[in-house]
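# Tertiary structure, described
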Amino acid sequence: MNEAISSSVKHYYTSLYSGDLQSVKDIMTERSYIMVLESYGLKLSLEDPTFKIQLAKIEDDESSLLAVEKKLSAELASRNESPQINILEVHPNGTERQTVEYTEDGKAKKLHFSKANGHWKINYYAGRPVPQSYFSSIKNWIVSILP
Amino acid sequence: MNKSTKQNNRRGFLSKMLVTGASSIALLSSSAYAKGRKSVATTTKLTEEQLDELYFIYQEEKLARDVYITLGEMYPSENTFASIQLSEQRHIDSAQELCEKYKIDLSRVNEDEVGNFDIDVLQKLYTTLVAEGSDSLTAALEKGIFIEELDIADLTKAIDKMEMPDDVVRVYENLREGSYNHLESFQVALARV
């Protein structure tokens, strides 16, 4: 099992629910990080019209992004959540992607990773099964059974 | 599951929706599906990022349908959910056709399993939207507006920033047109409450 990737999943949840969005940003692709802000910011945007307007502009306006990060960070920390993460398996998907299967408080989940500049990053868009050549399939199988 | 079985399941799903009383309601964006079907331009080779986007949009359309199915069951007297979930099924079909055209493997997505997603962030959105929508009919209709605005924003991004080929753009423009119609329907329904 890829230890770096497994620890990234746990780090993701720890950072998220402590409101440390900078750490979340560091371990994700840019587009995925935007999606985190949009999905976890949903509750706030339903309660706060100003936040909703700022959230809609995070990709084009730096000050809106900073305002959203500040409010959401405080809101996430106030949730007092610390889910139990149990890593089950890491599957290769081609040579540049991996999928982690895990449970969050007992519920089955998946996170997809892609490799960029030598680093594995969480990438919500990387779940598409990548067609593999015969030789890369064999290679991935060998890698998956290695301790 | 082979293709014909999957198609039969989809027909089964649609039939079930028709039996539940949605048949009398006009499909607000049936044109989106019809126009999408005409897009048969020569298949261009897409980049990995473009293929990922197609895969994602397909699942995002499923998110809309699944939330409307669940909220529609909570508020059976509000027909807007029933009519739009049928239309969303057609959106899923259009997005699925694009994926199949570009040979994207959809085997990890169980389209018939309502509320289950391969992408964690969509799972999170589904859970939050349903939970928030369960507060009241007004809250549920507001969630409909949120979903349609999200769909419109993501489709616009895919159209404007991803340099997709013409056939994909045509389908996405039709889906977006459908989402604008859905948005208007939710706004009208919300004003009635």
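The model shown is predicted, which means the values in this text are computed figures rather than measured ones.

For the rest of this paragraph, the subject is the overall build of chain B. Summing up its helical and strand segments, chain B has seven helices and zero strands in all. Burial status across chain B gives 56% buried among its 193 residues. In chain B, the share of contacts with a sequence separation of at least 24, taken over all contacts with a separation of at least 6, comes to 84%. Surface exposure of chain B reaches about 8300 Å², of which carbon and sulfur atoms provide 51%.

Turning our attention to the confidence of the model for chain B. Residue and element names in this part refer to chain B. Taken over all residues, the pLDDT of chain B has a mean of 81, while the share at 70 or more is 78%. Per-element confidence in chain B is highest for helix H7 (residues 166-192), whose mean pLDDT is 96, and lowest for helix H2 (residues 30-37), whose mean pLDDT is 39. In this model, residues 1-41 is a region of pLDDT below 50 whose contacts with residues beyond four sequence positions or in other chains number 65 contacts. The ipTM value of the predicted complex is 0.80, and its pTM value is 0.78.

For the rest of this paragraph, the subject is the environment of A:Ser7. Residue and element names in this part refer to chain A. With respect to the helices and strands, serine 7 occurs in helix H1 (residues 3-17). The exposure class assigned to serine 7 is partly exposed, which follows from its relative accessible area of 43%. Sequence-wise, serine 7 and arginine 79 are 72 residues apart; in three dimensions their C-alpha atoms are separated by 22 Å. Looking at serine 7, its side chain comes within polar contact range of the main-chain oxygen of alanine 4, at 3.0 Å.

Now for the interface of chain A and chain B. Taken together, the contact pairs 30 residues of chain A with 27 residues of chain B. In total, chain A and chain B occlude about 2600 Å² of area from one another, counting both sides; carbon and sulfur atoms represent 54% of this. Where chain A touches chain B, the interface holds seven salt bridges. At the boundary of chain A with chain B, the tally comes to seven residue pairs in polar contact (both at pLDDT 80 or more). Contributing elements (two or more residues each) for the side of chain A that touches chain B: H1, helix H3 (30-40), helix H4 (42-47), strand E2 (97-104) and strand E3 (107-116) of chain A. Each residue belonging to the side of chain A that touches chain B can be placed in one class, and the counts come to twelve nonpolar, six polar and twelve charged.

A:Val9, A:Tyr12, A:Leu16, A:Met28 and A:Tyr124 are the most contacted members of the largest nonpolar core, which totals 62 residues. Looking at this core, the element that brings in the most residues is helix H6 (residues 137-161) of chain B, giving seven residues. For A:Tyr124, the contacting residues outside a window of four places in its chain are A:Tyr12, A:Met28, A:Ser32, A:Met35, A:Val36, A:Leu111, A:His112, B:Ile119, B:Asp120 and B:Val121. Residues B:Tyr55, B:Ala95, B:Met164 and B:Val168 belong to the second largest nonpolar core, which totals 24 residues.

Counted by the stated rule, this structure contains eight aromatic pairs over all chains. Taken together, a centroid distance of 5.9 Å and an interplanar angle of 65° make the contact between A:Tyr13 and A:Tyr102 edge-to-face. With A:Tyr13 in helix H1 and A:Tyr102 in strand E2, the pair connects residues that are 89 residues apart, well separated along the chain. In this pair, the class of A:Tyr13 matches that of A:Tyr102, namely buried. Between B:Phe117 and B:Tyr126 the ring centres are 5.8 Å apart and the planes differ by 45°, which places this aromatic pair in the tilted class. An aromatic cluster is present here, built from A:Tyr12, A:Tyr13 and A:Tyr102 joined pairwise through their rings. Its end group placed over the ring of A:Tyr125, A:Arg31 keeps NZ or CZ at 4.0 Å from the ring centre. When the ring centre of B:Phe117 is taken as origin, the NZ or CZ atom of B:Lys62, which lies over that ring, is 4.3 Å away.

Before going further, it helps to examine helix H6 (residues 62-78) of chain A. All names here are of chain A. Here H6 contains 17 residues, and its C-alpha end-to-end distance of 24 Å stays within 8% of the 24 Å for a straight helix at 1.5 Å per residue. Along H6, the positions that sit buried rather than exposed are Ser64, Leu65, Val68, Glu69, Leu72, Ser73, Glu75 and Leu76. On its buried face, H6 sits against H1, helix H2 (21-26), H3, H4 and helix H5 (49-56). Just downstream of H6, asparagine 80 is the residue with a positive phi angle, here 55°.

Residues and elements named next belong to chain A. Strand order in the open sheet formed by four strands is E1-E2-E3-E4, and the pairing between neighbours is antiparallel. The outermost strands of the open sheet, each flanked by one partner alone, are strand E1 (85-92) and strand E4 (119-122). The sheet shows a mean angle of 30° between the axes of neighbouring strands, direction not considered. Bridge count for E1 against E2 is seven bridges, and the pairing is antiparallel. The residue bridging glutamate 89 from the neighbouring strand is glutamate 101, located in E2. Running at roughly 135° to E1, H1 makes contact with E1, E2, E3 and E4 of the sheet.

Here is what the cut-offs are and how they apply
Residues numbered from 1 in each chain as written. Chains lettered and ligands numbered in written order. Predicted model: local features only at pLDDT ≥ 70, side-chain atom pairs only at ≥ 80, totals over all residues. Heavy atoms only, no water. Helix = DSSP H or I, 4+ residues; strand = E, 2+ residues; numbered from the N terminus. Buried < 20%, exposed > 50% of the residue type's maximum accessible area, 1.4 Å probe, protein only. Contact = heavy atoms within 4.5 Å. Areas by Shrake-Rupley, 256 points an atom, 1.4 Å probe, with all protein chains shown as cover. pLDDT = per-residue confidence, 0-100. Polar contact = N/O pair within 3.5 Å; in protein donor to acceptor, adjacent residues only side chain to side chain. Buried area = accessible area lost by both parts, 1.4 Å probe. Salt bridge = Lys/Arg side-chain N within 4 Å of Asp/Glu carboxyl O. Nonpolar A, V, L, I, M, F, W, Y, C, P; charged D, E, K, R; others polar. Core = buried A, V, L, I, M, F, W, Y, C linked by side-chain atoms within 4.5 Å. Phe/Tyr/Trp six-rings, centres within 6.5 Å; stacked < 30°, edge-to-face > 60°. Lys NZ or Arg CZ within 6 Å of the ring centre and 35° of its normal. Expected span 1.5 Å × (residues − 1). Pairing = 2+ DSSP bridges. Axes fitted to C-alpha atoms, helices over the stretch in contact; angles between N-to-C directions.

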